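Chains, contacts and geometry: an overview
Each chain is listed here by its residues.
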Amino acid sequence: MAGNEWINGYLEAILDSGAAAIEEQKPATVNLRDRGHFNPTKYFVEEVVTGVDETDLHRTWIKVVATRNTRERSSRLENMCWRIWHLTRKKKQLEWEELQRMAKRRWEREQVRRDEAEDLSEDLSEGEKGDALGEMMQPETPRKTFQRNFSNLEVWSDDKMEKKLYIVLISLHGLVRGDNMELGRDSDTGGQVKYVVELSRALAKMPGVYRVDLFTRQISSPDVDWSYGEPTEMLTTAVEDADGNDVGESGGAYIIRIPFGPRDQYLRKELLWPYIQEFVDGALAHILNMSKVLGEQIGGGQPVWPYVIHGHYADAGDSAALLSGALNVPMVLTGHSLGRNKLEQLLKQGRQSKEDINSTYKIMRRIEGEELSLDAAELVITSTKQEIEEQWGLYDGFDVKLEKVLRARARRGVNCHGRYMPRMVVIPPGMDFSSVVVQEDAPEVDGELTTLIGGTNGSSPKAIPEIWSEVMRFLTNPHKPMILALSRPDPKKNITTLLKAFGECRPLRELANLTLIMGNRDDIDEMSSGNASVLITVLKLIDKYDLYGLVAYPKHHKQSDVPDIYRLAANTKGVFINPALVEPFGLTLIEAAAHGLPMVATKNGGPVDIQQALNNGLLVDPHDQQAIADALLKLVSEKNLWHECRKNGWKNIHLYSWPEHCRTYLTRVAACRMRHPQWQTDTPGDDIAAEESSLNDSLKDVHDMSLRLSVDGDKSSLNGFLDPSAASSGDPELQDQVKRVLSKMKKPETNSKDSEEGKLENVANKYPILRRRRRLIVVTLDCYDSQGVPEKKMAQIVQEILKAVRLDTQTARVTGFAMLTAMPVSETIEFLKSAKIQVNDFDALICSSGSEVYYPGTYTEEDGKLFPDPDYASHIAYRWGYEGLKKTIWKLMNPEGEEKSTCSASPIEEDVTSSNAHCVAYFVKDLSKAKRVDDLRQKLRMRGIRCHPMYCRNSTRLQVVPLLASRVQALRYLFVRWRLNVANMFVIAGENGDSDYEELISGAHKTLIMKEVVTKGSEGLLRRTDMRDDIVPVNSPLITSVKGGGTADDIANALKILSKASL
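The residue numbering used here restarts from 1 in each chain and proceeds along that chain's sequence as written. The model is predicted, so local features are restricted to residues of pLDDT at least 70 and side-chain atom pairs to those at 80 or more, both for listing and for counting; the totals for chains, interfaces and linings are taken over all residues. Heavy atoms from the whole structure form the basis of all side-chain values; hydrogens and water molecules are not counted.

Some points on the overall build of the protein chain
Think of it this way: any DSSP run of H or I at least four residues long counts as a helix, any run of E at least two long counts as a strand, and we number them from the N terminus. Looking only at helices and strands, the protein chain has 37 helices and 27 strands in total. Looking at the protein chain as a whole, 55% of its 1063 residues qualify as buried. About 47,100 Å² of surface is accessible on the protein chain, with carbon and sulfur atoms providing 48% of the total. Buried means the residue's accessible area, taken with a 1.4 Å probe over protein chains only, is under 20% of the maximum for its type, while exposed means over 50%, and partly exposed covers the values in between. Accessible surface is estimated by sampling points in the Shrake-Rupley manner with a 1.4 Å probe; for residues, cover comes only from the protein chains shown.

Structural data, given as structure tokens:
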């Protein structure tokens, strides 16, 4: 409010007086006008305090100035000061809270580094100990530049052509298609969409890459184009080999649209969180099918698994972490924009509380998704160094100093005690320069635009792009150099400051025009409040500075018009400007440089790195209006500088080409620890499976003749024999036919194999009967008493479930059973025996919170003892450090200075019986001292320990399992390993459960909730903020319930209803 300095003085006096005076005031219960007079107190309470919004201050000021009554105007001015004071106090309070949070975080970081320096120095020599301690405890300031040594990496080159890689990219939100992208249609359909589509195309053209799948959401809504409902869209065909031969029919780049969430609705990204598990199951099914197809084409019959799974943004990162865990393949993450950084910015604005921000943006779920992504990621790709240091540095899961120490230890072969930090690398986004024509500067090109838009000497004008006409109709003299800004009308883009700088600099106005490309709009009133506010301010400033004829602001433009807009600015010897308050990268700066435009850009964020690489412009403080005007004037007025910046941009622009980006990308990914499913598809058990599969086909005709054959055989034996006596007596030819078919099956070997863990029954037993099940009933009732012992009603319900399935003999023959439990296998078997249930009634037992998988009747030792699936054990061993984890958890859960496990003050006590090689289990003795799962996981992450802690058995146990292990991930393992159809999995759970319960009741499987069975679970120890609605979909057709436990008939009816349900 320039020109009203008295307000600032009055405000200072108010601030000096403190808050007490105003807080003691009580609102008067009278109208704003009481007895004909204006009531300041009433106005202050109802119009100021309750409706504080910084964006309304200017509007209020206009109203105040327009008030004719002197007394009323003075009262309104006074109350406006109170309003400003209230805003200021609120901001100061938020700043103080932020300082407190940062101070606490710094203290925690230093404490963690001190602990880690002590723990990690145990395996080092005396000299190394000093080096490690010094590096870990280095003070925060001054901050050193984050540097990497690339000299030991083998650069990806054309000799990789013999490789046949399958790469998966994921970008879930927005509208994704290959052509005519609707960029700017909404906040979800922006630069990220363009980036992932172009990355897919570019990767598919690289030597050694056979296929690229870009996963996104399938949308069949009347609100969007029909093309977004197509399940598959080809982006590019496969490249030919060196001899010009086609490399395969499935090669190339494709958009794969997976249906998840409401099919007929286009949802903004904040509403997609409850459906992430559905996407994961759908994507997993596609990958399994594609791996088989590619195996037949290029893999010699062996499945071709994804080389890498790359998640873009938090939602896709969360999904990629789950897919990576289910498939045991490397994961890469690109954040694009980060939740913690956004939360900080929104809190600093002071307009919303943390609760309101979370309600609007689901920011806590987003941050948790980003933390989970860091847990699983081998590699995190960023656009700038600033993103690593100032944005990812805010996360529990990443510490620059600890990452350097762990990397150095790994390089020397020193034990890291299960600690891990993802590798952060800067790879700037690529660009497609195929449409850019670089022209050498002619001595005089001032008349170029004149030649284009109007003939000389009476000649007819040349045809010009339509967007040029649309821009030039605003301008009195379109030949003047054009200052071009291209961005959404978002307050963060700082367009208004640019307009003020232009309007208040007379020399700049005389020398140049200003063009603002601010997205597409039909009606300002239909735009979001933030964007509409910026546009209204732009129009007012144009009027205030009388910039008519000097500023262009077209309403519409197509994506294909953008190169022409850049060309127009370059032909007028103009300048491109990005004045954003903070710019994470600045792709438009690279686009402008490619078209020969020098730049003026914010000094906050990615433009710093771009300027270092291109050296084609000037950096400014976006808050300094005068600095913006001076930089623009300098480039516009100094022709030699303009030409130098133009040439530098063209000379260095290749650094941002897609081939360069993809070469660096593949080089970095190749340096990751490559992983893939460990099991072999040619095991004897799988041979039997294949032959039995062909047997089933050949038996169809025999079955039609009413020949009774039991393909499944006896459940207690997985040898898979078919007894010829099972054939009906009668026609000798028929019996001979049966015998010929049965003779195709291999007889089991009698010699058993020795192993360190024990002896398996025989080789044929490596193939469990589970694979032949068409339907799987999964029992996961967490029904325990206060001691963590299974309640009697749990046994009764399991019996009713078994009975319900067997009511239909036709489906019972193809239905299998699995149990998911936190109990160890010994207690699980004991529970089943006490309920008089045969252990072999279950095809799979997933025990100890998903850390072990057993197949009763299949993997057994000589004495009949169950033997865990060794493939699953190796599958979940990734990033698991048993001893280091035990030591760290004990430190975190016990009072400082207590080291002995017999500590009486400890809230936990080791549960040796429930522990195994991949599960650390504890009794919880004092719930009041137990840390919540989110608190415990935060502290473990800060120490570089990646795992899955959970409370279970009615909060009487704490179990910590590997990162890739959990009950729901164990189900996905069965899906992948034995090719079970997840749509035919029926999970039966209670209303409550262990702290991993939420994960079990969301996804593409069917869920039956047994109400009034589990009265108390362990979810209360999960997290401080309730995020269940952001994890479990509301009113899902795949979830139904049975009251009061339910009888066998009730359960059977519910399962029948669920079997018909679909998304």
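Quick look at the environment of Leu1022
Topologically, Leu1022 is positioned in the loop between strand 26 (1006–1010) and strand 27 (1039–1042). Among the residues examined, Leu1022 registers a relative accessible area of 10% and is labelled buried. Once the C-alpha coordinates of Leu1022 and Asp935 are considered, the two residues, 87 residues apart in sequence, prove to be 8.9 Å apart.

Topic: the sheet that holds strand 17 (residues 775–780)
Taking strand neighbours across the sheet as the criterion, the seven strands line up as 20-19-18-17-25-26-27 in an open arrangement whose pairing is mixed. Looking at which strands have only one partner, the edges of the open sheet turn out to be strand 20 (852–854) and strand 27. Strand-to-strand twist in this sheet, taken as the mean axis angle between neighbours without regard to direction, amounts to 20 degrees. By the bridge criterion, five bridges tie strand 25 (residues 985–990) to strand 26 in an arrangement that is parallel. Residue pairing for strand 26: Phe986 is matched across the bridge by Lys1006. Contact criterion: two residues are considered in contact whenever any of their non-hydrogen atoms come within 4.5 Å of each other. A fitted line through C-alpha atoms represents every axis, and for helices the fit uses only the stretch in contact; the resulting angles, taken between N-to-C directions, go from 0 to 180 degrees. Helix-sheet contacts for helix 35 (residues 967–978) involve strand 17, strand 18 (815–820), strand 19 (844–847), strand 20 and strand 25, and the interaxial angle to strand 19 is about 150 degrees. A pair of strands is treated as paired once DSSP finds two or more bridges between them.

Let's talk about the pairing of strand 3 (residues 165–170)
Of all six residues in strand 3, six are buried; the element is thus mostly enclosed. Burial of strand 3 is two-sided: the residues Leu165, Ile167 and Leu169 facing one way and the residues Tyr166, Val168 and Ile170 facing the other way are all buried. In terms of strand pairing, strand 3 meets strand 4 (residues 209–217) through six bridges, oriented parallel. Bridge pairing in strand 4 places Leu165 opposite Val209. For the segment spanning strand 3, helix 7 (residues 191–204) and strand 4, crossover handedness is right-handed. We call a crossover right-handed when, viewed with both strands directed away from the observer, the connection leading from the first strand over the helix to the second proceeds clockwise.

Examining the packing of helix 8 (residues 276–298) against helix 9 (residues 313–327)
For any two helices packed against each other, the geometry comes down to the angle between their axes and how far apart the axes lie. One way to put it is that helix 8 packs onto helix 9 with a least axis distance of 10 Å and a crossing angle of 50 degrees. If you check the angle between helix 8 and helix 9, you find them oblique. As helix 8 runs across helix 9, the sense of the crossing is right-handed. Each of Ile276, Gln277, Phe279, Val280, Ala283, Leu284, Ile287 and Leu288 in helix 8 lies in contact with helix 9, whose residues at this interface are Asp315, Ser319, Leu322, Leu323, Ala326 and Leu327. Lys, Arg, Asp and Glu make up the charged group, whereas Ala, Val, Leu, Ile, Met, Phe, Trp, Tyr, Cys and Pro make up the nonpolar group; the residues left over, Gly among them, are polar. Of the residues assigned to the contact of helix 8 with helix 9, the class counts are 11 nonpolar, two polar and one charged. Roughly parallel means an angle under 35 degrees; roughly antiparallel, over 145; roughly perpendicular, 65 to 115; everything else is oblique. In this scheme the crossing of two helices becomes right-handed for a clockwise turn of the near helix relative to the far one and left-handed for an anticlockwise turn of less than a right angle.

Quick notes on the pattern of salt bridges
Just to be clear on terms, a salt bridge is a Lys or Arg side-chain nitrogen sitting within 4 Å of an Asp or Glu carboxyl oxygen. Following the criterion strictly, the structure yields 43 salt bridges and no others. Across the pair Arg366 and Glu370 runs a salt bridge, and its minimum N-O distance is 3.5 Å. Here Arg366 and its partner Glu370 are both found in helix 12 (residues 363–376), four residues apart, which amounts to about one turn of the helix. The exposure class assigned to Arg366 is buried, which follows from its relative accessible area of 5%. Assessed through its relative accessible area of 3%, Glu370 is described here as buried.

With respect to the packing of helix 9 against helix 35
Between helix 9 and helix 35, whose axes approach to 9 Å, the crossing angle comes to 55 degrees. Taken together, helix 9 and helix 35 sit at an angle that is classed as oblique. Between helix 9 and helix 35 the crossing geometry is right-handed. Residues Leu322, Gly325, Ala326 and Leu327 of helix 9 form the contact with helix 35, whose own contacting residues are Gln969, Arg972 and Val976. Within the contact of helix 9 with helix 35, the residues separate by chemical class into four nonpolar, two polar and one charged.

Considerations on a negative patch on the surface
Exposure above 30% relative accessible area and no salt bridge define the residues that can form patches, which grow by joining like charges within 9 Å and nonpolar side chains of Val, Leu, Ile, Met, Phe, Trp and Tyr within 5 Å. His is not counted, nor are the chain ends, whereas Lys and Arg count as positive and Asp and Glu as negative. All charge positions are set by atom: Lys at NZ, Arg at CZ, Asp at CG, Glu at CD. A contiguous patch of negative charge, built from Asp522, Asp523, Asp525 and Glu526, is present on the exposed surface. Its location among the elements puts Asp525 in the loop between strand 12 (513–517) and helix 19 (529–544). With relative accessibility at 70%, the residue Asp525 sits in the exposed group.

Digging into the confidence of the model for the protein chain
Model confidence for the protein chain is summarised by a mean pLDDT of 80, while 78% of its residues fall at 70 or above. The low-confidence segment residues 43–55 (pLDDT under 50) makes 28 contacts with residues lying over four places distant or belonging to another chain. The predictor rates its confidence in each residue with pLDDT, a number between 0 and 100.

With respect to the state of the cysteines
Defined simply, a disulfide is a covalent bond joining two cysteines at their sulfur atoms. The criterion for a disulfide is a pair of cysteine sulfur atoms lying within 2.5 Å. In this structure the tally under the stated criterion is zero disulfides. Cys952 forms no disulfide, and the closest cysteine sulfur to it belongs to Cys919, at a distance of 7.6 Å.

Topic: the packing of aromatic side chains
The pairing test for Phe, Tyr and Trp rings, Trp by its six-membered ring, is centres within 6.5 Å, and the orientation test on the planes gives stacked under 30 degrees, edge-to-face over 60, and tilted for anything in between. Taken as a whole and assessed by the stated rule, the structure comprises 10 aromatic pairs. Plain terms: the ring middles of Tyr195 and Trp658 are 5.7 Å apart, the flat faces sit at 45 degrees to each other, and that makes the pair tilted. Of this pair, Tyr195 sits in helix 7 while Trp658 sits in helix 25 (residues 658–670), placing them 463 residues apart in sequence. Looking at Tyr195, the relative accessible area reads 8%, which means it is buried. Following the ring pairs from residue to residue traces out a cluster consisting of Phe215, Phe260 and Phe279.

Quick look at the nonpolar core
Side-chain atoms within 4.5 Å are what join buried Ala, Val, Leu, Ile, Met, Phe, Trp, Tyr and Cys residues into a set we call a nonpolar core. Counting 97 residues, the largest nonpolar core has Ile170, Phe215, Phe279, Leu327, Trp392, Tyr855 and Leu974 as its most contacted members. Residue ranges assigned to each domain were obtained from an automatic or database domain assignment. Counting the residues that make up this core, at least three belong to each of domain 2 (165–426) and domain 4 (770–881 + 962–1060). Sequence-distant contacts of Leu974, defined by excluding residues within four places in its chain, comprise Leu770, Leu776, Ala844, Ile846, Val853, Tyr855, Arg979 and Leu980. Counting residues in hydrophobic clusters, the runner-up holds 72 residues, among them Val436, Val551, Leu635 and Tyr656.

Side note on the sheet that holds strand 10 (residues 423–426)
The mixed open sheet is built from eight strands, whose spatial order is 5-6-4-3-7-8-9-10. Of all the strands in the sheet, just strand 5 (232–237) and strand 10 have a single pairing partner and so form its edges. Averaged over all neighbouring strand pairs, the angle between strand axes comes to 20 degrees, with direction disregarded. Of the pairings in the sheet, the one linking strand 8 (residues 331–334) to strand 9 (residues 379–382) comprises two bridges and is parallel in character. Considered in strand 9, the bridge of Leu333 is made with Val380.

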